[in-house]
Amino acid sequence: MEGWRRNVSLLWVAVFIASICWTMVMPFMPIFLEEQLGVVVGVAAWAGLLSSVNSGFNAAMAPVWGALGDRFGRKSMMLRAGFFLTLAYLLMAFVTGPYQLLGVRVMIGMLTGFIPTATALVGTTTPQEHLGKALSLVATASPSGSILGPLLGGVLADLVGLRYTMLVSAGMVGVATFLVLVAVKEQFTPTQQKVNIIGDMGEMLKNRVFLTVLATTVLMMTAQAVMEPVLVPYIKGLIGPGAPNWLAGAIYSLPGIAFVVAAPWWANLAERVGYTTTVAAGLAIGAALTIPQAFVASGLGMGGFRLAAGLAIAAVTPGIAALITIVVPREQRGRAFGLNQSAFAVGNMLGPLLGGLIGDRVGTVYVFPVAASLLISGAVWVRFVLAPRVKPPQPSAV
C-alpha cells in the first residue's frame, strides 16, 4: 500500500475512535448536569455554555496549533492533542460541580484538536490529485464514530453511569493516540525558521477567497450546533416518559449514518459539477428538511427527518475541506486547516449559546427554524459570494 493511502486508513481509524468517545459523552451533558451535578435551573443554558466555552477557546488556539504544525509537524500536534484529550476525559469523570466541568471544557478547547489535526495531516501528505477523495474518506470517520458513539454512550449510561462512560472514553482516546504514535508516518523536516504565529495568520487572512470559505464554515457549524443543547432532551420527550438513553442516542446518531452513506456520492458529484455547487445544494436541502423537525410528534418522525437532513448536509464538511486545498497553497495548509478549525469552533460557540437561550426562554421548537434559516443563509452565501471566486484546481506535480 502506498504511504499516503496507509496514512489515510490509519487516520480514519484514529478519528473514528475519537469521534466515538466524544459522542459517547457530549450529547448526554444535559442529563449529566441534572442527575449528577445537581443543576435544576437553566439546564439547556448550562449545556450550551459548556459547549460554547470549549469552542471559544478552541477558536482562539486552533490557529496557533496549526501554525506550529506547519513549523514542527502535524503528527506532533496530533499526539499533543490526543494526550490532553485523554487527560480531559479522566478529569471530567471526577468533577463534582458545573464550574469544575466548565474548567475541564476550557482545557479541552485550549489544548486539544485531535480530529482537525488529522485532517491537516491528510491534507499535507496526500498527492493533490487524490486529495478530494482522501479528505472525503477521512471526513466520514467522524460521523461514522458519531453513529456508534451516542448509542454506546446511552447503553453505558444506562448500565454503569456517565462517569464510567467518561473513563471508557479516556482509555479509547489513549489507544487512538498510541496508534498515531507508532503507525502514522510523516516525512517532515523541522525548520529552524523563527515561529511568527501572528504574522503567519495575518498573511493567511489576506487570501480573501479563503476568508469566504471560513465564513461558510461559521454559518454551517452555527446552524448545526444551535440544536445541540436541546436535542437529546427533545428526542426523549418525543419517545415518551422513561425513555432509555440508548434510544435517544440512536436517533441522535442518524445523521452520522447518513453522512457515511452520502459523502462519497457527494464527492464524486463534486468532481463533475464543482464543490461550491454541491455545498450550496447540501445546505439548501438540509434547511428544507430541518424545519419539519419542529412539528413531528414521534421519535420515528424525528429520526426520519434527521436522517434525510443528514444525507443532504453530508456534502458540506468534505466539500469545504476540498475547497481549502484548492484556494490555499500546500505549504500553508496546516495554518489553513487550523484557521478553519477556528471558524468551526466559532460556529460551535455561537450555536449552542443561541440554542440554549432559545430553548430556555421561548421553547425548544423555535430552535429548528433558526437552524434552517442559518443553513439557507449559508447556501446563498456559497452560491453567490464564494462560487464566483473559486478557480478550478491546477494539476499537481506531486
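All figures in this text were calculated on a predicted structure; none of them were measured in a lab.

### Here's the deal with the nonpolar core
Then, in step 1: Ranked by size, the top nonpolar core spans 112 residues in total, and within it Met29, Met92, Leu101, Phe114, Phe210 and Met302 carry the most contacts.
Then, in step 2: The element that contributes the greatest number of residues to this core is helix α1 (residues 3-25), accounting for twelve residues.
Then, in step 3: Among the nonpolar cores identified, the runner-up in size contains eight residues, and Phe259, Ala263, Trp266 and Ala314 belong to it.

### Let's talk about the packing of aromatic side chains
Then, in step 1: The tally for this structure, following the rule as stated, stands at five aromatic pairs.
Then, in step 2: Ring geometry for Tyr234 and Phe368: centres 5.1 Å apart, planes at 45°, overall tilted. Of the two residues, Tyr234 sits in helix α12 (residues 228-239) while Phe368 sits in helix α19 (residues 367-386), which places them 134 residues apart along the sequence. Phe368 carries the same exposure label as Tyr234, and that label is buried.
Then, in step 3: Ring centres of Trp265 and Trp266 lie 5.0 Å apart, and the angle between their planes is 75°; on these two criteria the pair is classed as edge-to-face.
Then, in step 4: On the basis of relative accessible area, Trp266 is assigned to the buried category, the value being 10%.
Then, in step 5: The residue whose ring lies beneath Arg383 is Phe384, and the NZ or CZ to ring-centre distance is 5.1 Å.

### Re the confidence of the model for the protein
Then, in step 1: The pLDDT averaged across the protein works out to 86; a share of 94% of its residues lies at or above 70.
Then, in step 2: Mean pLDDT across the secondary structure elements of the protein bottoms out at helix α10 (residues 197-204), with 70, and peaks at helix α15 (residues 275-290), with 96.
Then, in step 3: Note on residues 394-398: pLDDT under 50 across the span, and seven contacts to partners over four residues away in sequence or across chains.

### Quick word on the environment of Leu311
Then, in step 1: Assignment of secondary structure puts Leu311 in helix α16 (residues 299-313).
Then, in step 2: Between the alpha carbons of Leu311 and Trp266 there is a distance of 9.4 Å; along the sequence they are 45 residues apart.
Then, in step 3: Residues in contact with Leu311, not counting those within four places in the same chain, are Ala258, Val261, Ala262 and Trp266.

Calculation notes
Residues numbered from 1 in each chain as written. Predicted model: local features only at pLDDT ≥ 70, side-chain atom pairs only at ≥ 80, totals over all residues. Heavy atoms only, no water. Core = buried A, V, L, I, M, F, W, Y, C linked by side-chain atoms within 4.5 Å. Buried < 20%, exposed > 50% of the residue type's maximum accessible area, 1.4 Å probe, protein only. Helix = DSSP H or I, 4+ residues; strand = E, 2+ residues; numbered from the N terminus. Phe/Tyr/Trp six-rings, centres within 6.5 Å; stacked < 30°, edge-to-face > 60°. Lys NZ or Arg CZ within 6 Å of the ring centre and 35° of its normal. pLDDT = per-residue confidence, 0-100. Contact = heavy atoms within 4.5 Å.

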